[in-house]
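Chain by chain, the residues run as shown.
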Amino acid sequence: MDNRFFERPILNSPYEYPKQHWELDNHGQPTQRIIHKRRSAEFITPIPRPRKRKDSPNQLQIVFDEGKGLSTEEQQYDPTPIINELRHEVDKWRSRPNPSDWQVTPETARLLQHWRCHRFSDIRPFFCQVEAVETVIWLTEVAPKAGKTGEMFRKHLADANAEANPELARLALKLATGAGKTTVMAMIIAWQTINAVRHPMSKRFTRGFLVVAPGITIRDRLRVLQPNDPDSYYQSRELVPNDMLGELERARIVITNYHAFKLRENVELSKGGRSLLQGRGEPLQTLETEGQMIQRVMPELMGMKNIMVINDEAHHCYREKPERDDEGKLKGDERKEAEKNNEAARLWISGLEAVNRKLGISQVIDLSATPFFLRGSGYAEGTLFPWTMSDFSLMDAIECGIVKLPRVPVADNIPGGEMPKFRNLWEHIGKRMPKKGRGKARNLDPLSLPVELQTALEALYGHYAKTFELWEQSGIGVPPCFIVVCNNTSTSKLVYDYI
């Protein structure tokens, strides 16, 4: 069968406005037809449910819909036309040839010209990165001067936050994984800092930033956002003109993981010691206060007002819906997962609310490839954060050559069942796999892995071995990489030993 999509998925340059896209049918399948305009932002939920289709007995299908299948029957809502409307306004604004017509500060105009036109010696910003920052700039600097049009977008954001984040002003940017969120963060910090230094009386800009990550590993990778870091993006990636680098030294940037917001014990007491000191009185208050927590986590920002928060992987940060739609519907492992997600989300957003009370937060910029409410949040699973205002999807990233083309299993050699088991392997083997902790796997035999997992590994490794041989024959010095992602260290030890 002729399948031009898989033979040549890349249609656009990663550095230019996407001018064409592959058409998808109602089932999310490529029709092999190229549409000569940019793809619209269309999605409902990122979790497609399996579909039984009489017209595809061999399951020759791959889902690229990013949400045209629903994870819950009750979840049917408008696919956020606000994103397409704002994209149209930003496009019109970008096309103005004269910087004096951009309605931004001279410093912002200079940065925009640099990002769009500078001849970068090495890594050049992708169009999607520049567009994401342009969206924030348009909403901050242009919208207040854009009459009813600007007011419409600002009101949408205000209403969305009033319902879900009453104490915070959040703005979400959706960027496919691999599209370079860290570069976007650096560009936003540069834009804000340079303007704050040169316009110290303006309330639109700040030089204080709190960057929050979901874990230590990601937190440590974000050090490149510090202007004095040896690998700082501002200089190494030429994100700021040389004569503006000096202003960046005045930025105060704290990079942390949300776990740091948890209040710690001021006094370490044993259970017996606590009981002795407490006696018959009120429980002892030995936890640090919000002020002490903020002093510990972000001493560099103390004394500053209206700082900007940048959330990485922001889909882990939300306030649970008071009137829950899913109360009592989750059971077993699903319920445990939801409770864990909610505990983490509650800690993250409560920390930001504390910072807002003590220091003041001007704006929260959320970055995520999946800015959707998680299972158990009280919202229908996969509901898009309503404060999402920019979207560069996985399909956009594929068609621009930014990310690799994912493949979904369409067949396997395990008989039985309508869907290939490799397509959702964990569903078939999860209950037979070891629990968390390397110690749990110490005495387990790798050959005891479920046959479905062994078969999948054999199939994947067989493909890897063929590729390895082809690369070796072609004289490629770097071998291909074979990666298996596991759910915990116990499983990963078993899979490693098996391979």
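Below, the structure is looked at part by part. (Residues numbered from 1 in each chain as written. Predicted model: local features only at pLDDT ≥ 70, side-chain atom pairs only at ≥ 80, totals over all residues. Heavy atoms only, no water.)

On to the sheet that holds strand β5 (residues 252–257). Reading across from one edge, β5-β4-β6-β7-β3-β8 is the order of the six strands in this open sheet, with parallel pairing throughout. Each edge of the open sheet carries a strand with a single partner, namely β5 and β8 (388–392). Ignoring which end each strand starts from, the neighbouring axes of this sheet average 15 degrees apart. Here six bridges tie strand β4 (residues 208–213) to β5, and the two strands are oriented parallel to one another. Its bridge partner lying in β5, Gly208 is registered against Arg252. (Pairing = 2+ DSSP bridges. Helix = DSSP H or I, 4+ residues; strand = E, 2+ residues; numbered from the N terminus. Axes fitted to C-alpha atoms, helices over the stretch in contact; angles between N-to-C directions.)

Scanning the entire structure with this criterion turns up 29 salt bridges. The closest approach of N and O atoms between Asp366 and Arg170, which form a salt bridge, is 2.8 Å. On the criterion of sequence distance, the pair formed by Asp366 in strand β7 (residues 361–368) and Arg170 in strand β3 (residues 170–175) is long-range, its members being 196 residues apart. Overall, the relative accessible area of 1% leaves Arg170 in the buried class. Three or more residues are tied together by salt bridges with common partners; here these are Arg38, Asp91, Arg94, Arg116, Glu131 and Glu134. (Salt bridge = Lys/Arg side-chain N within 4 Å of Asp/Glu carboxyl O. Buried < 20%, exposed > 50% of the residue type's maximum accessible area, 1.4 Å probe, protein only.)

Where helix α2 (residues 81–94) contacts helix α5 (residues 147–164), the two axes come as close as 11 Å, and the packing angle between them is 140 degrees. In terms of axis orientation, α2 runs oblique to α5. Handedness of the crossing formed by α2 with α5: left-handed. In contact with Ile82, Glu85, Leu86 and Glu89 of α2, α5 contributes Thr149, Met152, Phe153 and His156. Looking at side-chain class alone, the contact of α2 with α5 contains four nonpolar, two polar and two charged residues. (Parallel < 35°, antiparallel > 145°, perpendicular 65-115°, else oblique. Left-handed = near helix turned anticlockwise from the far one by under 90°. Contact = heavy atoms within 4.5 Å. Nonpolar A, V, L, I, M, F, W, Y, C, P; charged D, E, K, R; others polar.)

Time to look at helix α6 (residues 181–198). Between its first and last C-alpha, α6 extends 26 Å over 18 residues, near the 26 Å set by a 1.5 Å rise per residue. The element α6 is extensively covered by neighbouring structure, given that 16 of its 18 residues are classed as buried. (Expected span 1.5 Å × (residues − 1).)

The final tally for this structure, using the stated rule, is 15 aromatic pairs. For the pair Phe5 and Trp22, a centre-to-centre distance of 5.8 Å together with 90 degrees between the ring planes defines the contact as edge-to-face. On the criterion of sequence distance, the pair formed by Phe5 in helix α1 (residues 4–7) and Trp22 in strand β1 (residues 21–24) is long-range, its members being 17 residues apart. What makes Phe5 buried here is its relative accessible area of 0%. Between Phe385 and Trp387 the ring centres are 4.6 Å apart and the planes differ by 25 degrees, which places this aromatic pair in the stacked class. Here the two residues Phe385 and Trp387 agree in accessibility, since each one is buried. Site record: aromatic cluster; members linked through ring pairs are Tyr318, Phe373, Tyr379, Phe385 and Trp387. The lysine or arginine in question, Arg116, covers the ring of Trp93, its NZ or CZ lying 5.5 Å from the ring centre. The side chain of Arg237 reaches across the aromatic face of Tyr233, ending 4.0 Å from its centre. (Phe/Tyr/Trp six-rings, centres within 6.5 Å; stacked < 30°, edge-to-face > 60°. Lys NZ or Arg CZ within 6 Å of the ring centre and 35° of its normal.)

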